[in-house]
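Structural description and commentary
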Amino acid sequence: MAAITQEKISIAGALALLLLLISSPLLAQDDVEREKLRELEKQREYQKTRVITARLDSAIELMNLGQYELADVKFRSVLANVKSVPSDLAYHFGKNSYYMEKYKQSVDWLTKYIQLKGTTGQYSSDAAAWLKKAEEGLLQQRQVQSAKAVEVLSRDFTIDCGPTGKVVCPVCNGSTVVIRKTYLGDKYSTCGYCKKTGYLSCDEYNQLIRGQLKATADQH
Ligand SMILES: [Zn+2]
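Predicted model, so just to flag it, every value in this text is computed and none were measured.

**Brief notes about the pairing of strand 2 (residues 177-182)**
Counting buried positions along strand 2 gives zero out of six residues, so the element sits mostly on the surface. With six bridges joining them, strand 2 and strand 3 (residues 185-190) adopt antiparallel strand pairing. Along strand 3, the bridge assignment pairs I179 with Y188. Between strand 2 and strand 3, which follow one another and run antiparallel, lie two residues.

**Regarding helix 5 (residues 124-148)**
Over its 25 residues, helix 5 extends 36 Å from the first C-alpha to the last, a length consistent with the 36 Å expected when each residue adds 1.5 Å. Inspection of helix 5 places A127, W130, L131 and A134 among the buried residues, and these make up the whole buried set.

**Topic: unusual backbone geometry**
Positive phi, normally seen in glycine, also occurs at K195, with a value near 50°. Locating K195 in the fold gives a position in the loop between strand 3 and strand 4 (199-201). We note that K196 has phi near 60°; this positive angle belongs to a residue other than glycine. Within the secondary structure layout, K196 lies in the loop between strand 3 and strand 4.

**Some thoughts on the nonpolar core**
Of all hydrophobic cores here, the largest spans 23 residues; its most connected members are A59, L110, Y113, A127, L131 and A134. Secondary-structure elements contributing two or more residues to this core are helix 1 (2-64), helix 2 (68-81), helix 3 (87-99), helix 4 (103-117) and helix 5. Considering every element that reaches this core, the biggest residue donor is helix 4, with six residues. Aside from chain neighbours lying at most four places away, what touches A59 is A71, K74, F75, V78 and H92. Judged by nonpolar contacts, the second largest core, of eight residues, contains C191, C194, Y205 and L208.

Cut-offs used in this document
- Every chain begins its residue count from 1, and numbering advances along the sequence as written.
- Only residues with pLDDT of 70 or above have their local features reported here, since the model is predicted, and side-chain atom pairs are shown and tallied only from 80 upward, although totals for entire chains, interfaces and linings are computed over all residues.
- Partly exposed residues are those whose C-beta has more than 12 but fewer than 20 other C-beta atoms within 10 Å; 20 or more makes a residue buried and 12 or fewer makes it exposed, with C-beta atoms placed from the backbone.
- Helix numbers and strand numbers start at the N terminus; a helix is a DSSP run of H or I with at least 4 residues, a strand a run of E with at least 2.
- The pairing criterion for strands is at least two bridges between them, as found by DSSP.
- Expected span, for any helix, means 1.5 Å times one less than how many residues it has.
- Note on definitions: a nonpolar core is a set of buried residues drawn from Ala, Val, Leu, Ile, Met, Phe, Trp, Tyr and Cys, linked by C-beta atoms within 7 Å.
- Once C-beta atoms are placed from the backbone, any two residues with those atoms within 7 Å are in contact.

This is the structure in structure tokens:
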């Protein structure tokens, strides 16, 4: 009985040892696999960074050659493919935006660069100089835009009233009577503009829409 137990124990011990022997190289094998994967991932990342860097370099080159539109395409492709934007890209993209007269965009990215790098970055002084130009450009652009936005209003033109040469008086709608609402009730008075005719001559009409036609005194 004792012998059998001992034998059982030794068998169990042997099995445990065997398992240990088998599993340890297996574990080691797993580690190797994991290490390989990690290495592969690292290479992939490195490769990607290399491609991005090359694209950024070529974008800068295109910009320096004055090919701003093409450079813009490359810069945008870099922007779309990086998890976080390298600060140098902010500078170059901001500068290229200036060349493309996209001043608002330029100000935005150059400001970002300066925020990230302060005054000690490789391009800090350049960025500040370009930012100044971009801000000036933006200001000018806004002035041009607001000048363009001035409305064309009819009062700035002389209106042709047609062959009759007269227009129904817009003040009294031709009724010659003007009704004013007061808290005491409606107050009626003679229209001061159309001389009790209900019409204005074309000249009078044009004066009226410019605010230049004076009402006659006998309104009441
Ligand atoms: Zn009138």
